[in-house]
Amino acid sequence: MKKLLYLLLVLPFAMMVSSCSNDNDLPNVDITMSFDNAVVKDGTVYVLQGEEFSITGLTTKAVDSNQQSAIVNVRYFWNGYPAPGLTWSNFPMEINMAEMPQPESGNNILGLNATLLETDKSMSYCTLRIPIKAVEKVEDLPDGQELGEATLTFTTSRTNK
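What counts and how
- Residues numbered from 1 in each chain as written.
- Predicted model: local features only at pLDDT ≥ 70, side-chain atom pairs only at ≥ 80, totals over all residues.
- Heavy atoms only, no water.
- Helix = DSSP H or I, 4+ residues; strand = E, 2+ residues; numbered from the N terminus.
- Buried < 20%, exposed > 50% of the residue type's maximum accessible area, 1.4 Å probe, protein only.
- Pairing = 2+ DSSP bridges.
- Salt bridge = Lys/Arg side-chain N within 4 Å of Asp/Glu carboxyl O.

Asker: Looking at this structure, how should I read unusual backbone geometry?
Answerer: Generally, phi is negative for residues other than glycine and the peptide bonds are trans, each holding for most cases. Of note in the backbone geometry, Asp42 takes a positive phi value of approximately 55° without being a glycine. With respect to the helices and strands, Asp42 occurs in the loop between strand S1 (29–41) and strand S2 (44–48). Overall, the relative accessible area of 73% leaves Asp42 in the exposed class. Even without glycine at this site, Asn73 takes up a positive phi of about 55°. Among the secondary structure elements, Asn73 is positioned in strand S4 (residues 69–78).

As structure tokens, then:
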């Protein structure tokens, strides 16, 4: 009887460590970030110093299926530090470059950490680092481009083994 009692005590713990799905089946999504009053060239977002630009959207799309996907619990960082002015909010999210700490070079990093979700996949985490180049005048923008709407797309990579 004692052996049966011990077995019954161990059974719930054994069930807690079992899994119903493959934990290596991670989301494979494209993450698209949209900006306004910016230029995107070769993966770098160009903005004017002292001006305001906006993040107008953050979306996901499943790459290898028609499944639903989402990016949630987004936390923003500016040059490696938590950005109190860049909290998760409805879009557009304005970023006033005059209020953001700037290195002399104008080279900044907008970082974000988030949770990625895709139907029938394991939950995953992602970290994005977006180079933001603050230029002094419009003439310094690449290839004579004008400020406006711009997008930047990232594809998550699988590290399943």
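Asker: Could you clarify how one ought to interpret the pairing of S4 in this entry?
Answerer: Along any regular strand the residues' side chains alternate between the sheet's two faces. Pairing of S4 with strand S7 (residues 107–118) involves eight bridges; the strand directions are antiparallel. By the bridge assignment, Phe77 is partnered in S7 with Gly111. Where S4 meets strand S5 (residues 81–82), two bridges bridge the pair, whose relative direction is antiparallel. What sits directly across from Phe77, in S5, is Pro82. Linking S4 back to S5 in an antiparallel pair, the connection comprises two residues, with Asn79 at a positive phi of about 55°.

Asker: What is the right way to look at the pattern of salt bridges in this model?
Answerer: Once the charged atoms of two side chains with opposite charge are near each other, the side chains can pair. Under the counting rule described, the total for this entry stands at two salt bridges. When the shortest N-O distance is used, the salt bridge between Lys121 and Asp25 registers 3.4 Å. Of this pair, Lys121 sits in the loop between S7 and strand S8 (124–135) while Asp25 sits in the loop between helix H1 (2–16) and S1, and the two are 96 residues apart along the sequence. Residue classification places Lys121 among the partly exposed positions, given a relative accessible area of 23%. The closest approach of N and O atoms between Lys41 and Asp143, which form a salt bridge, is 2.8 Å. Here Asp143 lies in the loop between S8 and strand S9 (148–155) and Lys41 lies in strand S1, a separation of 102 residues in the sequence. For Lys41, a relative accessible area of 26% puts it in the partly exposed group.

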